[in-house]
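Now for the letters of each chain:
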Amino acid sequence: MRRESLRHVPGTFSIAARDPDANVFGAAVTTGTVSVGATCPYVSEAAAVVTQAFTKTDHGRAGVERAAAGERVDDALAAVLDDDEHAAYRQVHGVGFDSEFAFTGEECTEWCGHRIGDDHTVAGNILTGPNVLDATAEAYESTDGDMADRLVSALEAGEAAGGDERGELSAALLIHAPEPEFYHNLRVDLSERPVDDLRTLLEEARRAQEQLVSETEGAETDYPPSVFDFGVKY
């Protein structure tokens, strides 16, 4: 039997990260209600930001836009929270070119908290405990592979450590890279095992992209290589 798809106060944990060598920003998040990818993660060519707890999408948009305009992400996010009369109910975190930022409001539901590392931040609320964030950060730091692999591995580790104390229903991956790929914008919106499904979706998206290119290369029509530059919707 499926759990209730909506909860009044769903728990969440997430990671925002930067790969300075590849010039890539990314975020991944999972929560105990549906469609987390629609509201929580934001990326641009200059930042990755996640807004959660009592989510405010304007904070995510403002963070990445102001960073893209040249502002430090810590200054940008601190400023939007200073202007928010309900900041005590928010969690906001992110990374930019030269700074990291994380904030957990005093009214966020326990267990809640955040971690700041080199070129990554993690945060969560209504978790089984602080070990969830520790495991998420440690997995990101120790995993090989590209940004997509590392972010999904981080969610897998956080879930294995306990995750949302009542389980997850949705998960999302969002990446901004100089060369966008199919698998840089993935969402699992209602699932009994959303993080597992996000891993499956990542693998299938990689395979589908490779298959599309290989099949068209063997077709009678001579397609220009640039026709496969699909881009990614943000």
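What counts and how
- Residues numbered from 1 in each chain as written.
- Predicted model: local features only at pLDDT ≥ 70, side-chain atom pairs only at ≥ 80, totals over all residues.
- Heavy atoms only, no water.
- Helix = DSSP H or I, 4+ residues; strand = E, 2+ residues; numbered from the N terminus.
- Rg over C-alpha atoms; globule rule 2.2 N^0.38 Å.
- Buried < 20%, exposed > 50% of the residue type's maximum accessible area, 1.4 Å probe, protein only.
- Contact = heavy atoms within 4.5 Å.
- Areas by Shrake-Rupley, 256 points an atom, 1.4 Å probe, with all protein chains shown as cover.
- Lys, Arg positive; Asp, Glu negative; His and termini not counted.
- Charge placed at Lys NZ, Arg CZ, Asp CG, Glu CD.
- Pairing = 2+ DSSP bridges.
- Axes fitted to C-alpha atoms, helices over the stretch in contact; angles between N-to-C directions.
- Phe/Tyr/Trp six-rings, centres within 6.5 Å; stacked < 30°, edge-to-face > 60°.

(A) Here's a closer look at the overall build of the chain. The helix and strand inventory of the chain stands at 5 helices and 10 strands. Scaling as 2.2 N^0.38, a compact globule of 234 residues should have a C-alpha radius of gyration of about 17 Å, and the chain matches this with 18 Å. With respect to the principal axes defined by its C-alpha atoms, the chain has extents near 60 × 50 × 30 Å. Burial analysis of the chain (234 residues in total) assigns 52% to the buried set. A fraction of 55% describes how many contacts in the chain between residues 6 or more apart in sequence connect residues 24 or more apart. When the accessible area of the chain is evaluated, it comes to approximately 10900 Å², of which 47% is carbon and sulfur surface. Of the charged side chains in the chain, 18 are positive and 45 negative, and the gap between their average positions amounts to 5 Å.

(B) Expanded view of the sheet that holds strand β7 (residues 113–117). The strand order across the open sheet built from 6 strands is β7-β8-β1-β2-β9-β10, with neighbouring strands paired in antiparallel fashion. In this open sheet, the two edge strands, each paired with only one partner strand, are β7 and β10 (185–188). The sheet shows a mean angle of 5° between the axes of neighbouring strands, direction not considered. Relative to strand β9 (residues 170–176), strand β2 (residues 24–31) runs antiparallel, the two sharing 7 bridges. Paired with Val-29 across the strands is Ala-172, a residue of β9. Its contacts with the sheet put helix α3 (residues 131–142) on β1 (12–19), β7 and β8 (120–125), and the angle it makes with β8 is roughly 155°.

(C) View of the environment of Ala-88. Along the chain, Ala-88 falls in the loop between α2 (73–82) and β5 (90–96). Spatially, the C-alpha atoms of Ala-88 and Ser-226 are 48 Å apart, while their sequence positions differ by 138 residues.

(D) Molecular detail of the packing of aromatic side chains. Evaluated as defined, the whole model comprises 2 aromatic pairs. Taking 5.3 Å as the distance between ring centres and 80° as the angle between the ring planes, the aromatic pair formed by Phe-25 and Phe-97 counts as edge-to-face. Of this pair, Phe-25 sits in strand β2 while Phe-97 is found in the loop between β5 and β6 (100–104), placing the two residues 72 residues apart along the sequence. Residue class for Phe-25 comes out buried when judged on its relative accessible area of 0%. The exposure class of Phe-97 is partly exposed, given its relative accessible area of 42%. Measuring from ring centre to ring centre gives 5.9 Å for Phe-54 and Tyr-89, while their planes differ by 80°; the resulting arrangement is edge-to-face.

(E) Highlighting the environment of Ala-17. With respect to the helices and strands, Ala-17 occurs in strand β1. Ala-17 gets classed as buried once you look at its relative accessible area, which sits at 0%.

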